[in-house]
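The chain contents come next:
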Amino acid sequence: MRLLTALFSPRRVALVGASDRPGTLGALLAANLESFPGEVVAVGAGGTLRDVEGEIDLAVVAVPAASVPRVAADAAAKGVHAMVVLSGGFAETGAEGAALQAELVAAARGPGGPVRVIGPNCFGIQNCDLPLNASMAAGLPRGGGGICLVSQSGAYGMAIYTVATDECARFAKILAPGNTCDVTIAELLTELVADPSAATLCFLLESVADGRAFVEQARLATPEKPVIVAKTGRSEAGARAASSHTAALAGSEAVWRGVFRQAGIVEVRSGQELLDAARALDGQPLPAGPRVGIVTNSGGVGVELADLLADEGLSVPALSPPLQDKIRDMLPAFASPVNPVDVTPVWSRYAELYSGLTDLLARSGEVDVVIPVLLQRAAMDTPTARQLRDAVVALRADGVGVPVHVCWVAPRQARHNAELLQEAGVPCFEWPARTARAVGHARRYALARERTAPPPPGPDRRVGPVPTDPAGAAEVLAEFGIRTVASVLCSTTEEAVRAATEFPVVVKLAAAAHRTELDGVRLGLRTPAEVRAAATGLLALGHGEVLVQRQLDGVEVAVGALRDPVFGPVVMVGLGGIWVEVLADVAFALAPLRRAEARELLAGLRGFPLLTGSRGGPPVDLDALADVVVAAGNLLLAADDVAGLDLNPVLATRDGAIAVDWKVLS
């Protein structure tokens, strides 16, 4: 039986720890399972799964932690397909609990198994369509929608019923993986991608042990289904090597954001924002472009919404004169046909104007999204809500693919009108900020859907061990297509003078981690005497040999790669050379990359105009620079002994890109 089927569509469910004692978890679960259309077998005190006649697809376990491994062994012997362990007292409690959790996993994989385990220490699972409520929650969100939620916060899993009810959101499936001792987050994503009833996939995550697998699966899912992630509790990505610019910049948040964007994941900042994005994506067509038409009865709110939409990368364009003329004919003489369209406080005509203007804008071809702002009286007027709903239903029936999202600013007593709209699939978002953010997420997903591609193949060979000395490392870099400036390693002043054959030259400490902080670099040396003085001074610092290089010009770019503890090999690119850590204008992505992805990383930097010829400078060869980024990732994938790579700076010019400083970290 497929994992998804065993979890969400079982034929027979065993409740281990069933109880009729009020206030117990066993009693709550028994009550929740009463609506399950299949058979529920109660296994109470003194009973075991081995005693149950017939097959069991799913075991729901609510017994003390110490008893759970025995239940898992019974489930394996019985041939149970999956079990959901709600019991706490495992790895979340410390070393003893972690040992008990390992015992649970071993028992589930014992003779007759394996039994796939969700949890322990979890809220449970829900199938809102079946229905199946094998959870601690007191109710099920309404079914019939495509939203699925995987939440590492059990509290959020329980709260989603209330939130979903308030927002009229329809769900398909909800699951809390708890300690994720067996079934991983990436595996759950893979199962949901294959589920026809799962259309919008939401994850509230605190951590992901299998981060790379999760992101790679999301990358495959994005062209078909949105993957929305709220990442909380960001922790340090691991110990940082002080000698690496790349590692110093690889704060966990920066890496998560980079790989999420690469995979087309819709990243949100909170559970509320996650649900808003899910409703925007699950109930309406995707915006075909960034143009938004606003209909409002308040000029001030319309202007605020326009500003917030601009922050999301959307625009509120001026409408064409012919369209303005049509709108003007519909409006009172003192109203405004300019976008935002301000109908003014003509209360008696709200129902006619909101529905008519929404229909006109959606069919005009001049906007990609329509946002009616229902403020106070407009929101409190039931005919306005009803006619607006009917207008959107007509748009969908006619195949008009322009989404309509309502900005809702109204008192609580008007909530029934919002429900009227949302029951018809027209999402309402309270206040302009939430509205703009939700529409922004919908547009970003539409763009990600177009550009996201499956991961490219990695390098077809392995190398190693990779030397860390400058000369040896340069040879390996060259094998991967990374050019480095010719360098001569010198241990005496006279060797440095002889090495300086073309001027100007640079003399620098060879082995120091941060040369600039040690005053270990001498630039612009134009005579043998200057080289002699520079080499003498640097050798006297006592940090070993010096390097002599021809001094080159170009835009300074930092390129790096490191093994992230969550995602494995990732690449970094940033602007600033020695200032890269101060400016922190950097971007990260999973390796391997295609050239087009590397170029997109570069284009996302704040300093990108420096590479395209801003302020009269020559544009650089972006393909050559992108190839260096790709090669850095490939080297890390091909060399298991390399922990990180710093190319800083890489000098980018119109003729190519060349590293003038490089470090291989083992």
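Structure's up top.
Residues numbered from 1 in each chain as written. Predicted model: local features only at pLDDT ≥ 70, side-chain atom pairs only at ≥ 80, totals over all residues. Heavy atoms only, no water.

Caption draft 1: Representation of the overall build of the protein chain within the structure. The helix and strand tally for the protein chain stands at 23 helices and 27 strands. When its C-alpha atoms are laid out on the principal axes, the protein chain stretches across 90 × 80 × 35 Å. When the 666 residues of the protein chain are sorted by exposure, 55% land in the buried category. Counted over contacts in the protein chain with a minimum sequence separation of 6, partners at least 24 positions apart contribute 72%. When the accessible surface of the protein chain is totalled, it reaches about 26,300 Å², and 54% of it is carbon and sulfur. (Helix = DSSP H or I, 4+ residues; strand = E, 2+ residues; numbered from the N terminus. Buried < 20%, exposed > 50% of the residue type's maximum accessible area, 1.4 Å probe, protein only. Contact = heavy atoms within 4.5 Å. Areas by Shrake-Rupley, 256 points an atom, 1.4 Å probe, with all protein chains shown as cover.)

Caption draft 2: The sheet that holds strand S2 (residues 39-43), seen in detail. A sheet is described by the order of its strands in space; here 5 strands give the open sequence S2-S1-S3-S4-S5, paired in parallel fashion. Strands with a single pairing partner mark the edges of an open sheet, and in this sheet they are S2 and strand S5 (116-118). With strand direction ignored, the average angle separating the axes of adjacent strands in the sheet is 20°. Sheet topology places strand S1 (residues 12-16) next to S2; 5 bridges connect them, and they run parallel. The partner of Val16 across the bridge, within S2, is Val43. The strands touched by helix H3 (residues 68-78) are S1, strand S3 (58-61) and strand S4 (82-85); relative to S4, the strand with the most contacts, the crossing angle is about 165°. (Pairing = 2+ DSSP bridges. Axes fitted to C-alpha atoms, helices over the stretch in contact; angles between N-to-C directions.)

Caption draft 3: Main features of the sheet that holds strand S10 (residues 200-205). In space, the 7 strands of this open sheet follow the order S7-S6-S9-S8-S10-S11-S12, with mixed pairing throughout. Each edge of the sheet is formed by a strand with only one pairing partner; in this case those strands are strand S7 (132-135) and strand S12 (266-268). Here the strands of the sheet are splayed against their neighbours by 15° on average, with no regard to which way each runs. Two strands pair when backbone bridges link them, and strand S11 (residues 227-231) and S12 are joined in this way by 3 bridges, in the parallel orientation.

Caption draft 4: Broad picture of the packing of aromatic side chains. Counting across every chain of the model gives 4 aromatic pairs. A ring pair is formed by Trp256 and Phe260, whose centres lie 5.2 Å apart and whose planes are at 90°; its orientation type is edge-to-face. With Trp256 and Phe260 both in helix H9 (residues 252-263), this residue pair falls 4 residues apart, about one helical turn. Judged by its relative accessible area of 6%, Trp256 falls in the buried class. On the numbers, 5.8 Å between centres and 75° between planes, the contact of Tyr350 with Tyr354 is edge-to-face. With Tyr350 and Tyr354 both in helix H13 (residues 350-364), this residue pair falls 4 residues apart, about one helical turn. (Phe/Tyr/Trp six-rings, centres within 6.5 Å; stacked < 30°, edge-to-face > 60°.)

Caption draft 5: Main features of the packing of H3 against helix H4 (residues 95-108). Relative orientation of the contacting elements H3 and H4 amounts to 10°, with a least axis distance of 7 Å. For the element pair H3 / H4, the angle class is roughly parallel. Within the contact between the two elements, H3 uses Val68, Pro69, Ala72, Ala73 and Ala76 and H4 uses Leu100, Glu103, Leu104, Ala107 and Ala108. Its residues assigned to classes, the contact of H3 with H4 shows 9 nonpolar, no polar and 1 charged. (Parallel < 35°, antiparallel > 145°, perpendicular 65-115°, else oblique. Nonpolar A, V, L, I, M, F, W, Y, C, P; charged D, E, K, R; others polar.)

Caption draft 6: Examining the pairing of S4 more closely. Here S4 shows a buried face lined by Ala82 and Val84 and a second buried face lined by Met83 and Val85. Handedness of the S3-H3-S4 crossover: right-handed. Here 3 bridges tie S4 to S5, and the two strands are oriented parallel to one another. The partner of Ala82 across the bridge, within S5, is Arg116. One crossover worth recording links S4 to the parallel S5 by way of H4, and it is right-handed. (Right-handed = clockwise from strand over helix to strand, strands pointing away.)

Caption draft 7: Here's a closer look at the side chain of Ser151. Inspection of the secondary structure puts Ser151 in strand S8 (residues 147-151). Its relative accessible area of 1% is what places Ser151 among the buried residues. At 2.7 Å, the side chain of Ser151 forms a polar contact with the backbone oxygen of Ser153. Once residues lying within four places of it in the same chain are set aside, the contact partners of Ser151 are Tyr156, Gly157, Leu175, Ala176, Pro177 and Leu204. (Polar contact = N/O pair within 3.5 Å; in protein donor to acceptor, adjacent residues only side chain to side chain.)

Caption draft 8: Spotlight on the nonpolar core. In terms of nonpolar packing, the biggest core is built from 81 residues, with Leu7, Phe171, Phe203, Phe214 and Val227 touching the most fellow members. Leave out the neighbours within four places in its chain, and Val227 touches Leu189, Leu201, Phe203, Phe214, Ala218, Ala221, Ile265 and Val266. Membership of the second largest hydrophobic core comes to 51 residues, among which are Ala561, Ala589, Ala632 and Val650. (Core = buried A, V, L, I, M, F, W, Y, C linked by side-chain atoms within 4.5 Å.)

Caption draft 9: Representation of H4 in the model. In a regular helix each residue adds 1.5 Å, so 14 residues correspond to 20 Å; H4 covers 20 Å between its end C-alpha atoms and thus fits that length. Those residues of H4 that fall on the buried side of the exposure criterion are Gly97, Leu100, Gln101, Leu104, Val105, Ala107 and Ala108. One side of H4 holds all its buried residues, which, seen down the axis, span an arc of 165°. Counted as exposed and oriented over 90 degrees from the buried face of H4: Ala95 and Glu96. (Expected span 1.5 Å × (residues − 1). Arc of directions from axis to C-beta.)

Caption draft 10: Examining unusual backbone geometry more closely. Geometrically, the link from Gly464 to Pro465 is a cis peptide bond, its omega value of -5° lying close to zero. Tracing the sequence through the fold places Pro465 in the loop between helix H17 (431-451) and helix H18 (470-479). The omega torsion across Phe503 and Pro504 is 0°, close enough to zero to call that bond cis. Counting through the fold element by element, Pro504 comes out in the loop between helix H19 (493-499) and strand S19 (505-509). Positioned with a positive phi, Trp431 is a non-glycine residue whose angle comes to about 75°. Relative to the elements of secondary structure, Trp431 occurs in helix H17.

Caption draft 11: Representation of the pattern of salt bridges in the model. Following the criterion strictly, the structure yields 45 salt bridges and no others. For the salt bridge of Arg12 with Glu39, the shortest nitrogen-to-oxygen distance reads 2.9 Å. In this pair, Arg12 sits in strand S1 while Glu39 sits in strand S2, placing the two residues 27 residues apart along the sequence. You can call Arg12 buried: its relative accessible area is 17%. For Arg599, the salt bridge identified is with Asp623, shortest N-O distance 2.9 Å. Of this pair, Arg599 sits in helix H22 (residues 595-603) while Asp623 sits in helix H23 (residues 622-638), and the two are 24 residues apart along the sequence. Classification of Arg599 by relative accessible area gives partly exposed; the value is 35%. One salt-bridge network, in which partners are shared between bridges, spans Glu167, Asp276, Arg279, Arg415, Glu430 and Arg434. (Salt bridge = Lys/Arg side-chain N within 4 Å of Asp/Glu carboxyl O.)

Caption draft 12: Focus on the state of the cysteines. With the rule as written, the count across this model stands at 0 disulfides. Unpaired in this structure, Cys407 has its nearest cysteine sulfur neighbour in Cys428, at a distance of 9.6 Å. Taking the relative accessible area as the measure of exposure, Cys407 reaches 0% and is therefore buried. (Disulfide = S-S within 2.5 Å.)

Purely geometric numbers; function is a separate question.
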